Number of protein chains: 2
Amino acid sequence: MKLYGHPMSTCTRKVLTTLAEKGHEAEFVLVDLMKGETKQPANLARQPFGQVPTLEDDGFVLYESRAIIRYLDEKLSGPKLTPSEIREHARMEQWISVETSDFTPPAMTIILNNLFGRMQGKTPDADAVSKAREKVGATLDVLDAALATKDFLAGGQFSLADICYMPYIEYLFAAESGDLVTKRAHAGAWWKRISERPSWKKATGK
Amino acid sequence: MKLYGHPMSTCTRKVLTTLAEKGHEAEFVLVDLMKGETKQPANLARQPFGQVPTLEDDGFVLYESRAIIRYLDEKLSGPKLTPSEIREHARMEQWISVETSDFTPPAMTIILNNLFGRMQGKTPDADAVSKAREKVGATLDVLDAALATKDFLAGGQFSLADICYMPYIEYLFAAESGDLVTKRAHAGAWWKRISERPSWKKATGK
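Take the sheet that holds strand E3 (residues 54-57) of chain B next. Residue and element names in this part refer to chain B. Spatially, E2-E1-E3-E4 is the arrangement adopted by the 4 strands of the open sheet, whose pairing is mixed. Looking along the sheet, the strands with just one partner apiece sit at the ends: strand E2 (27-30) and strand E4 (60-63). If you compare each strand with its neighbour and ignore which way they point, the axes differ by 20° on average. The pairing of strand E1 (residues 2-5) with E2 spans 4 bridges and is parallel. Its bridge partner being in E2, Tyr4 is matched across the sheet by Val29. Lying over the sheet, helix H3 (residues 65-75) contacts E3 and E4, oriented at roughly 130° with respect to E4.

A separate point is empty space enclosed by the protein. A complete count under the given rule lists 1 cavity of 30 Å³ or more for this structure. Taken as a whole, the largest cavity spans an internal volume of roughly 100 Å³. As for the largest cavity, its lining consists of Arg66, Arg70, Glu93, Ile96, Ser97 and Thr100 of chain A together with Arg66, Arg70, Glu93, Ile96, Ser97 and Thr100 of chain B. The residue inventory of the lining of the largest cavity, partitioned by class, reads 2 nonpolar, 4 polar and 6 charged.

Aromatic ring pairs: the centre-centre distance and the angle between the two ring planes describe each pair. Here the structure, examined in full by the defined rule, presents 18 aromatic pairs over all chains. Taking the centre distance of 5.4 Å and the plane angle of 80° together, the rings of Phe116 of chain A and Tyr171 of chain A count as edge-to-face. One end of the pair, Phe116 of chain A, is in helix H4 (residues 86-119); the other, Tyr171 of chain A, is in helix H6 (residues 160-174), and 55 residues separate them in sequence. For Tyr171 of chain A, a relative accessible area of 6% translates into the label buried. Through a chain of ring-to-ring contacts, the aromatic side chains of Phe49 and Tyr63 of chain A together with Trp95 of chain B assemble into a single cluster. Above the plane of the ring of Phe158 of chain A lies Arg197 of chain A, whose end atom (NZ or CZ) is 3.7 Å from the centre.

Right, let's get into the relation of the copies chain A and chain B. For the pair of chain copies, the relating operation is a rotation around an axis with a shift along it. With an RMSD of 0.0 Å, chain A superimposes on chain B once it is rotated by 180° and translated 0.0 Å along the axis. Given the turn and translation reported, the copies of this chain are related as if by a two-fold rotation axis. Interface overlap between copies: 100% of the residues of chain A at the interface are likewise at the interface in chain B, consistent with a symmetric, same-surface contact.

All names here are of chain A. Position of Pro106 relative to the elements: it lies in helix H4. Classification of Pro106 by relative accessible area gives buried; the value is 8%. Taking the C-alpha atoms as reference points, Pro106 and Lys135, 29 residues apart in sequence, are found 6.5 Å from one another. Here Pro106 is in contact with Ala132, Lys135 and Val136, once residues within four sequence places are set aside.

Residues and elements named next belong to chain A. On the secondary structure map, Arg184 appears in the loop between helix H7 (179-182) and helix H8 (185-195). For Arg184, a relative accessible area of 12% puts it in the buried group. The contacts of Arg184, once residues within four sequence positions are left out, are Gly137, Leu140, Asp141 and Asp144.

Taken together, the 31 residues of chain A in the interface contact 31 residues of chain B. The tally of links between chain A and chain B comes to 2 salt bridges. The shortest N-O distance in the salt bridge between Arg70 of chain B and Glu93 of chain A comes to 3.3 Å. Joining chain A to chain B, the criterion identifies 10 residue pairs in polar contact (both at pLDDT 80 or more). Taken together, the elements giving at least two residues each to the side of chain A that touches chain B come down to strand E4 (60-63), helix H3 (65-75), H4 and helix H5 (126-146) of chain A. Looking at the side of chain A that touches chain B, the element that brings in the most residues is H4 of chain A, giving 13 residues. For the side of chain A that touches chain B, the per-class residue count stands at 13 nonpolar, 7 polar and 11 charged.

With that out of the way, let us pick up the layout of surface pockets. A water-sized probe rolled over the atoms picks out the places where empty space is left. The volume enclosed by the largest pocket comes to roughly 1300 Å³. As for the largest pocket, its lining consists of 41 residues, of which Thr10, Cys11, Gln51, Met108 and Leu112 of chain B are closest to the centre. If you list the elements that add at least two residues to the lining of the largest pocket, you get H4 and H5 of chain A together with helix H1 (10-22), H3, helix H4 (86-119) and helix H6 (160-174) of chain B. By residue number, the principal contributor to the lining of the largest pocket is H4 of chain B, which donates 9 residues. Among the residues forming the lining of the largest pocket, the class breakdown is 19 nonpolar, 16 polar and 6 charged.

So, how was this worked out
Residues numbered from 1 in each chain as written. Chains lettered and ligands numbered in written order. Predicted model: local features only at pLDDT ≥ 70, side-chain atom pairs only at ≥ 80, totals over all residues. Heavy atoms only, no water. Pairing = 2+ DSSP bridges. Helix = DSSP H or I, 4+ residues; strand = E, 2+ residues; numbered from the N terminus. Axes fitted to C-alpha atoms, helices over the stretch in contact; angles between N-to-C directions. Contact = heavy atoms within 4.5 Å. 1 Å grid on protein atoms, 1.4 Å probe; cavity = no way out; pocket = protein on both sides within 12 Å on 5 of 7 lines; lining within 4 Å. Points joined across faces, edges and corners; volume = space filled by probe spheres on them. Nonpolar A, V, L, I, M, F, W, Y, C, P; charged D, E, K, R; others polar. Phe/Tyr/Trp six-rings, centres within 6.5 Å; stacked < 30°, edge-to-face > 60°. Buried < 20%, exposed > 50% of the residue type's maximum accessible area, 1.4 Å probe, protein only. Lys NZ or Arg CZ within 6 Å of the ring centre and 35° of its normal. Least-squares fit on C-alpha atoms with pLDDT ≥ 70 in both. Salt bridge = Lys/Arg side-chain N within 4 Å of Asp/Glu carboxyl O. Polar contact = N/O pair within 3.5 Å; in protein donor to acceptor, adjacent residues only side chain to side chain.

Below is the structure:
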(Lines give C-alpha, C1' and ligand atoms only; values in the text may rest on other atoms or scores of the structure.)
Protein backbone atom coordinates (compact mmCIF):
# COMPACT_ATOMS: atom_id res chain seq x y z
CA MET A 1 0.00 0.00 0.00
CA LYS A 2 1.08 3.55 -0.73
CA LEU A 3 -0.21 6.58 1.12
CA TYR A 4 0.15 9.91 -0.70
CA GLY A 5 -0.07 12.72 1.81
CA HIS A 6 1.62 15.29 3.97
CA PRO A 7 2.54 14.76 7.62
CA MET A 8 0.98 18.09 8.68
CA SER A 9 -2.30 17.49 6.83
CA THR A 10 -5.25 16.82 9.14
CA CYS A 11 -6.74 14.25 6.79
CA THR A 12 -3.42 12.46 6.30
CA ARG A 13 -3.08 12.25 10.08
CA LYS A 14 -6.42 10.43 10.38
CA VAL A 15 -5.09 7.76 8.04
CA LEU A 16 -1.69 7.53 9.79
CA THR A 17 -3.44 7.13 13.17
CA THR A 18 -5.67 4.39 11.79
CA LEU A 19 -2.69 2.53 10.33
CA ALA A 20 -0.85 2.78 13.65
CA GLU A 21 -3.89 1.54 15.60
CA LYS A 22 -4.10 -1.45 13.27
CA GLY A 23 -0.36 -2.12 13.58
CA HIS A 24 0.31 -1.62 9.88
CA GLU A 25 2.40 0.72 7.76
CA ALA A 26 2.01 1.99 4.23
CA GLU A 27 4.76 3.36 2.05
CA PHE A 28 4.51 7.13 2.58
CA VAL A 29 4.79 9.30 -0.53
CA LEU A 30 5.11 12.99 0.26
CA VAL A 31 2.87 15.37 -1.67
CA ASP A 32 4.40 18.69 -0.72
CA LEU A 33 1.56 21.03 0.20
CA MET A 34 4.02 23.85 0.76
CA LYS A 35 5.20 23.61 -2.85
CA GLY A 36 1.66 23.37 -4.21
CA GLU A 37 2.13 19.78 -5.34
CA THR A 38 -1.50 18.89 -4.49
CA LYS A 39 -2.64 20.97 -7.48
CA GLN A 40 -0.10 19.55 -9.92
CA PRO A 41 -1.01 16.96 -12.59
CA ALA A 42 0.53 13.97 -10.79
CA ASN A 43 -1.66 14.50 -7.74
CA LEU A 44 -4.74 15.60 -9.70
CA ALA A 45 -4.57 12.31 -11.62
CA ARG A 46 -5.17 10.40 -8.40
CA GLN A 47 -7.19 13.05 -6.50
CA PRO A 48 -9.24 15.25 -8.86
CA PHE A 49 -10.01 17.81 -6.12
CA GLY A 50 -6.30 18.48 -5.63
CA GLN A 51 -6.17 17.36 -2.01
CA VAL A 52 -4.41 14.78 0.15
CA PRO A 53 -4.43 11.97 1.16
CA THR A 54 -4.91 9.24 -1.42
CA LEU A 55 -4.43 5.53 -0.77
CA GLU A 56 -3.20 3.18 -3.46
CA ASP A 57 -3.71 -0.52 -2.73
CA ASP A 58 -2.69 -2.94 -5.46
CA GLY A 59 -4.17 -0.78 -8.23
CA PHE A 60 -7.16 0.45 -6.22
CA VAL A 61 -7.02 4.24 -5.79
CA LEU A 62 -9.15 5.71 -3.01
CA TYR A 63 -9.41 9.25 -1.66
CA GLU A 64 -11.34 11.02 1.13
CA SER A 65 -9.83 10.30 4.54
CA ARG A 66 -13.11 9.18 6.11
CA ALA A 67 -13.52 6.58 3.35
CA ILE A 68 -9.87 5.47 3.56
CA ILE A 69 -9.97 4.84 7.31
CA ARG A 70 -13.18 2.77 7.02
CA TYR A 71 -11.54 0.75 4.21
CA LEU A 72 -8.37 0.15 6.22
CA ASP A 73 -10.37 -0.92 9.26
CA GLU A 74 -12.37 -3.41 7.18
CA LYS A 75 -9.38 -4.75 5.29
CA LEU A 76 -6.49 -4.92 7.75
CA SER A 77 -5.98 -7.25 10.68
CA GLY A 78 -5.52 -5.73 14.12
CA PRO A 79 -7.96 -4.22 16.63
CA LYS A 80 -11.36 -3.30 15.18
CA LEU A 81 -12.01 0.43 15.15
CA THR A 82 -15.69 0.02 14.24
CA PRO A 83 -18.00 -1.39 16.91
CA SER A 84 -19.69 -4.65 15.95
CA GLU A 85 -22.82 -3.81 17.97
CA ILE A 86 -25.27 -2.12 15.59
CA ARG A 87 -26.27 0.79 17.84
CA GLU A 88 -22.69 1.65 18.76
CA HIS A 89 -21.80 1.44 15.08
CA ALA A 90 -24.65 3.87 14.32
CA ARG A 91 -23.46 6.19 17.08
CA MET A 92 -19.96 6.17 15.57
CA GLU A 93 -21.43 7.21 12.24
CA GLN A 94 -23.49 9.93 13.91
CA TRP A 95 -20.40 11.50 15.46
CA ILE A 96 -18.43 11.27 12.21
CA SER A 97 -21.26 13.15 10.48
CA VAL A 98 -21.29 15.78 13.22
CA GLU A 99 -17.53 16.14 12.87
CA THR A 100 -17.70 16.60 9.09
CA SER A 101 -20.68 18.95 8.97
CA ASP A 102 -20.71 20.86 12.27
CA PHE A 103 -17.32 20.66 13.95
CA THR A 104 -14.65 20.80 11.28
CA PRO A 105 -15.75 23.75 9.11
CA PRO A 106 -15.64 26.31 11.98
CA ALA A 107 -12.62 24.59 13.56
CA MET A 108 -10.77 25.05 10.27
CA THR A 109 -11.77 28.73 10.20
CA ILE A 110 -10.01 29.16 13.56
CA ILE A 111 -7.00 27.10 12.46
CA LEU A 112 -6.59 28.85 9.10
CA ASN A 113 -6.79 32.29 10.71
CA ASN A 114 -4.90 31.85 13.96
CA LEU A 115 -2.32 29.27 12.88
CA PHE A 116 -1.66 28.83 9.15
CA GLY A 117 -2.61 32.40 8.21
CA ARG A 118 -0.29 33.82 10.85
CA MET A 119 2.53 31.56 9.63
CA GLN A 120 2.12 33.33 6.28
CA GLY A 121 2.12 36.75 7.90
CA LYS A 122 -1.62 37.38 7.54
CA THR A 123 -3.70 39.13 10.19
CA PRO A 124 -6.49 36.90 11.55
CA ASP A 125 -10.10 37.94 10.89
CA ALA A 126 -11.11 38.40 14.54
CA ASP A 127 -14.83 38.49 13.79
CA ALA A 128 -14.74 35.25 11.79
CA VAL A 129 -12.68 33.58 14.53
CA SER A 130 -15.10 34.74 17.22
CA LYS A 131 -18.12 33.34 15.37
CA ALA A 132 -16.30 30.10 14.64
CA ARG A 133 -15.34 29.74 18.31
CA GLU A 134 -19.02 29.96 19.23
CA LYS A 135 -19.93 27.24 16.74
CA VAL A 136 -17.12 24.93 17.84
CA GLY A 137 -18.11 25.53 21.46
CA ALA A 138 -21.74 24.63 20.72
CA THR A 139 -20.71 21.33 19.14
CA LEU A 140 -18.30 20.59 22.00
CA ASP A 141 -21.19 21.14 24.45
CA VAL A 142 -23.03 18.31 22.72
CA LEU A 143 -19.96 16.05 22.72
CA ASP A 144 -19.28 16.89 26.36
CA ALA A 145 -22.77 15.77 27.37
CA ALA A 146 -22.39 12.55 25.38
CA LEU A 147 -18.98 11.85 26.93
CA ALA A 148 -20.31 12.21 30.49
CA THR A 149 -21.38 8.56 30.46
CA LYS A 150 -18.77 6.88 28.24
CA ASP A 151 -15.07 6.92 27.55
CA PHE A 152 -15.22 7.21 23.77
CA LEU A 153 -17.68 8.66 21.29
CA ALA A 154 -19.16 5.37 20.09
CA GLY A 155 -19.26 3.85 23.59
CA GLY A 156 -16.69 1.88 25.56
CA GLN A 157 -14.40 1.33 22.61
CA PHE A 158 -12.02 3.71 20.80
CA SER A 159 -13.29 4.04 17.22
CA LEU A 160 -12.91 5.83 13.91
CA ALA A 161 -15.17 8.58 15.29
CA ASP A 162 -12.58 9.56 17.90
CA ILE A 163 -9.85 9.55 15.25
CA CYS A 164 -11.81 11.96 13.04
CA TYR A 165 -11.76 14.74 15.64
CA MET A 166 -8.13 14.42 16.72
CA PRO A 167 -6.22 16.35 14.04
CA TYR A 168 -8.50 19.37 14.33
CA ILE A 169 -8.39 19.45 18.13
CA GLU A 170 -4.60 19.21 18.05
CA TYR A 171 -4.44 22.31 15.85
CA LEU A 172 -7.04 24.18 17.92
CA PHE A 173 -4.49 24.10 20.75
CA ALA A 174 -1.88 25.65 18.44
CA ALA A 175 -4.49 28.22 17.35
CA GLU A 176 -5.15 29.64 20.83
CA SER A 177 -8.39 27.73 21.18
CA GLY A 178 -7.54 24.65 23.22
CA ASP A 179 -9.55 26.24 26.02
CA LEU A 180 -12.71 25.31 24.09
CA VAL A 181 -11.85 21.68 24.83
CA THR A 182 -10.20 21.84 28.25
CA LYS A 183 -12.86 23.98 29.90
CA ARG A 184 -15.43 21.24 29.23
CA ALA A 185 -14.67 18.52 31.78
CA HIS A 186 -15.74 15.40 29.89
CA ALA A 187 -14.47 16.56 26.51
CA GLY A 188 -11.20 17.60 28.14
CA ALA A 189 -10.75 14.21 29.82
CA TRP A 190 -11.60 12.46 26.54
CA TRP A 191 -8.99 14.49 24.65
CA LYS A 192 -6.35 13.65 27.27
CA ARG A 193 -7.31 9.96 27.03
CA ILE A 194 -7.15 9.72 23.24
CA SER A 195 -4.19 12.01 22.63
CA GLU A 196 -2.01 9.87 24.88
CA ARG A 197 -2.46 6.83 22.64
CA PRO A 198 0.75 5.61 21.01
CA SER A 199 -0.96 5.68 17.59
CA TRP A 200 -1.51 9.43 17.85
CA LYS A 201 2.04 10.06 19.00
CA LYS A 202 3.32 8.03 16.07
CA ALA A 203 1.06 9.78 13.54
CA THR A 204 2.12 13.21 14.72
CA GLY A 205 5.80 12.43 15.20
CA LYS A 206 5.80 13.04 18.96
CA MET B 1 -39.83 3.04 14.56
CA LYS B 2 -40.63 6.74 14.56
CA LEU B 3 -39.12 9.22 12.13
CA TYR B 4 -39.20 12.85 13.24
CA GLY B 5 -38.81 15.06 10.22
CA HIS B 6 -40.30 17.28 7.56
CA PRO B 7 -41.28 16.08 4.07
CA MET B 8 -39.49 19.00 2.37
CA SER B 9 -36.24 18.55 4.34
CA THR B 10 -33.38 17.20 2.24
CA CYS B 11 -32.06 15.04 5.08
CA THR B 12 -35.52 13.66 5.90
CA ARG B 13 -35.89 12.70 2.23
CA LYS B 14 -32.70 10.61 2.35
CA VAL B 15 -34.23 8.57 5.16
CA LEU B 16 -37.64 8.25 3.47
CA THR B 17 -35.95 7.06 0.26
CA THR B 18 -33.92 4.49 2.18
CA LEU B 19 -37.03 3.20 3.97
CA ALA B 20 -38.86 2.91 0.64
CA GLU B 21 -35.95 1.06 -0.99
CA LYS B 22 -35.94 -1.40 1.91
CA GLY B 23 -39.73 -1.83 1.71
CA HIS B 24 -40.32 -0.54 5.24
CA GLU B 25 -42.22 2.33 6.80
CA ALA B 26 -41.70 4.26 10.02
CA GLU B 27 -44.32 6.26 11.85
CA PHE B 28 -43.79 9.79 10.56
CA VAL B 29 -43.88 12.57 13.15
CA LEU B 30 -43.93 16.05 11.63
CA VAL B 31 -41.50 18.60 13.05
CA ASP B 32 -42.78 21.76 11.43
CA LEU B 33 -39.78 23.64 10.08
CA MET B 34 -42.03 26.48 8.92
CA LYS B 35 -43.20 27.06 12.49
CA GLY B 36 -39.67 26.83 13.91
CA GLU B 37 -40.39 23.60 15.74
CA THR B 38 -36.85 22.27 15.13
CA LYS B 39 -35.55 24.83 17.65
CA GLN B 40 -38.17 24.12 20.31
CA PRO B 41 -37.42 22.06 23.45
CA ALA B 42 -39.21 18.90 22.28
CA ASN B 43 -37.00 18.64 19.20
CA LEU B 44 -33.84 19.86 20.93
CA ALA B 45 -34.25 17.04 23.47
CA ARG B 46 -33.81 14.48 20.70
CA GLN B 47 -31.62 16.54 18.33
CA PRO B 48 -29.39 19.01 20.21
CA PHE B 49 -28.45 20.89 17.03
CA GLY B 50 -32.10 21.74 16.37
CA GLN B 51 -32.33 19.92 13.05
CA VAL B 52 -34.29 17.10 11.45
CA PRO B 53 -34.50 14.14 11.03
CA THR B 54 -34.22 11.97 14.12
CA LEU B 55 -34.97 8.25 14.23
CA GLU B 56 -36.35 6.59 17.34
CA ASP B 57 -36.14 2.81 17.38
CA ASP B 58 -37.31 1.08 20.54
CA GLY B 59 -35.64 3.63 22.82
CA PHE B 60 -32.59 4.20 20.63
CA VAL B 61 -32.46 7.81 19.43
CA LEU B 62 -30.24 8.52 16.42
CA TYR B 63 -29.73 11.67 14.38
CA GLU B 64 -27.70 12.70 11.32
CA SER B 65 -29.28 11.42 8.12
CA ARG B 66 -26.12 9.75 6.83
CA ALA B 67 -25.87 7.74 10.06
CA ILE B 68 -29.59 6.89 10.06
CA ILE B 69 -29.55 5.51 6.50
CA ARG B 70 -26.52 3.30 7.24
CA TYR B 71 -28.29 2.03 10.39
CA LEU B 72 -31.51 1.28 8.51
CA ASP B 73 -29.61 -0.54 5.78
CA GLU B 74 -27.79 -2.69 8.32
CA LYS B 75 -30.86 -3.39 10.45
CA LEU B 76 -33.78 -3.84 8.04
CA SER B 77 -34.48 -6.68 5.64
CA GLY B 78 -34.85 -5.85 1.96
CA PRO B 79 -32.32 -5.08 -0.79
CA LYS B 80 -28.86 -4.13 0.47
CA LEU B 81 -27.92 -0.53 -0.24
CA THR B 82 -24.29 -1.04 0.77
CA PRO B 83 -22.09 -3.13 -1.55
CA SER B 84 -20.66 -6.24 0.07
CA GLU B 85 -17.50 -6.06 -2.06
CA ILE B 86 -14.89 -4.13 -0.05
CA ARG B 87 -13.70 -1.81 -2.84
CA GLU B 88 -17.22 -0.90 -3.95
CA HIS B 89 -18.08 -0.29 -0.31
CA ALA B 90 -15.06 2.03 -0.04
CA ARG B 91 -16.08 3.82 -3.22
CA MET B 92 -19.57 4.36 -1.77
CA GLU B 93 -17.99 5.96 1.29
CA GLN B 94 -15.75 8.12 -0.88
CA TRP B 95 -18.73 9.57 -2.74
CA ILE B 96 -20.69 10.15 0.47
CA SER B 97 -17.71 12.12 1.81
CA VAL B 98 -17.50 14.14 -1.40
CA GLU B 99 -21.23 14.84 -1.17
CA THR B 100 -20.98 16.03 2.43
CA SER B 101 -17.84 18.13 2.10
CA ASP B 102 -17.68 19.32 -1.52
CA PHE B 103 -21.09 19.05 -3.16
CA THR B 104 -23.73 19.92 -0.59
CA PRO B 105 -22.39 23.16 0.95
CA PRO B 106 -22.32 25.08 -2.38
CA ALA B 107 -25.49 23.31 -3.61
CA MET B 108 -27.27 24.59 -0.49
CA THR B 109 -25.99 28.12 -1.17
CA ILE B 110 -27.74 27.98 -4.55
CA ILE B 111 -30.89 26.42 -3.07
CA LEU B 112 -31.14 28.84 -0.15
CA ASN B 113 -30.68 31.87 -2.43
CA ASN B 114 -32.64 30.91 -5.53
CA LEU B 115 -35.39 28.81 -3.96
CA PHE B 116 -36.06 29.18 -0.23
CA GLY B 117 -34.83 32.79 -0.02
CA ARG B 118 -37.07 33.81 -2.92
CA MET B 119 -40.04 32.08 -1.28
CA GLN B 120 -39.46 34.45 1.64
CA GLY B 121 -39.22 37.47 -0.66
CA LYS B 122 -35.44 37.88 -0.39
CA THR B 123 -33.24 38.88 -3.33
CA PRO B 124 -30.64 36.22 -4.19
CA ASP B 125 -26.97 37.09 -3.72
CA ALA B 126 -25.96 36.73 -7.37
CA ASP B 127 -22.23 36.68 -6.63
CA ALA B 128 -22.55 33.92 -4.01
CA VAL B 129 -24.75 31.90 -6.38
CA SER B 130 -22.28 32.30 -9.22
CA LYS B 131 -19.35 31.09 -7.10
CA ALA B 132 -21.41 28.21 -5.74
CA ARG B 133 -22.42 27.16 -9.27
CA GLU B 134 -18.74 26.93 -10.18
CA LYS B 135 -18.01 24.71 -7.19
CA VAL B 136 -21.00 22.44 -7.81
CA GLY B 137 -19.99 22.23 -11.47
CA ALA B 138 -16.44 21.22 -10.56
CA THR B 139 -17.71 18.39 -8.34
CA LEU B 140 -20.18 17.27 -11.01
CA ASP B 141 -17.29 17.10 -13.49
CA VAL B 142 -15.63 14.55 -11.21
CA LEU B 143 -18.88 12.57 -10.77
CA ASP B 144 -19.53 12.71 -14.51
CA ALA B 145 -16.14 11.14 -15.25
CA ALA B 146 -16.73 8.42 -12.66
CA LEU B 147 -20.21 7.68 -14.05
CA ALA B 148 -18.87 7.22 -17.60
CA THR B 149 -18.09 3.58 -16.82
CA LYS B 150 -20.80 2.58 -14.35
CA ASP B 151 -24.50 3.04 -13.70
CA PHE B 152 -24.29 4.08 -10.05
CA LEU B 153 -21.69 5.81 -7.90
CA ALA B 154 -20.46 2.73 -6.04
CA GLY B 155 -20.51 0.52 -9.16
CA GLY B 156 -23.23 -1.60 -10.72
CA GLN B 157 -25.52 -1.37 -7.71
CA PHE B 158 -27.70 1.50 -6.45
CA SER B 159 -26.39 2.45 -3.01
CA LEU B 160 -26.61 4.91 -0.14
CA ALA B 161 -24.16 7.14 -2.02
CA ASP B 162 -26.69 7.78 -4.80
CA ILE B 163 -29.39 8.51 -2.22
CA CYS B 164 -27.23 11.15 -0.53
CA TYR B 165 -27.10 13.35 -3.65
CA MET B 166 -30.75 13.09 -4.67
CA PRO B 167 -32.50 15.66 -2.45
CA TYR B 168 -29.98 18.37 -3.32
CA ILE B 169 -30.11 17.70 -7.07
CA GLU B 170 -33.93 17.77 -6.98
CA TYR B 171 -33.82 21.25 -5.43
CA LEU B 172 -31.10 22.46 -7.83
CA PHE B 173 -33.67 22.00 -10.60
CA ALA B 174 -36.13 24.17 -8.67
CA ALA B 175 -33.32 26.70 -8.11
CA GLU B 176 -32.59 27.36 -11.80
CA SER B 177 -29.51 25.15 -11.72
CA GLY B 178 -30.63 21.79 -13.11
CA ASP B 179 -28.52 22.62 -16.16
CA LEU B 180 -25.44 21.89 -14.06
CA VAL B 181 -26.55 18.24 -14.04
CA THR B 182 -28.22 17.84 -17.44
CA LYS B 183 -25.41 19.40 -19.46
CA ARG B 184 -23.07 16.66 -18.24
CA ALA B 185 -24.04 13.55 -20.20
CA HIS B 186 -23.19 10.80 -17.69
CA ALA B 187 -24.36 12.72 -14.63
CA GLY B 188 -27.55 13.65 -16.47
CA ALA B 189 -28.26 10.03 -17.44
CA TRP B 190 -27.53 8.92 -13.86
CA TRP B 191 -29.96 11.49 -12.43
CA LYS B 192 -32.67 10.34 -14.85
CA ARG B 193 -31.98 6.71 -13.86
CA ILE B 194 -32.13 7.26 -10.09
CA SER B 195 -34.91 9.85 -9.97
CA GLU B 196 -37.27 7.46 -11.77
CA ARG B 197 -37.02 4.92 -8.96
CA PRO B 198 -40.32 4.31 -7.14
CA SER B 199 -38.58 4.92 -3.80
CA TRP B 200 -37.73 8.49 -4.80
CA LYS B 201 -41.23 9.14 -6.08
CA LYS B 202 -42.65 7.85 -2.82
CA ALA B 203 -40.23 9.89 -0.67
CA THR B 204 -41.04 13.09 -2.53
CA GLY B 205 -44.78 12.51 -2.87
CA LYS B 206 -44.79 12.36 -6.69
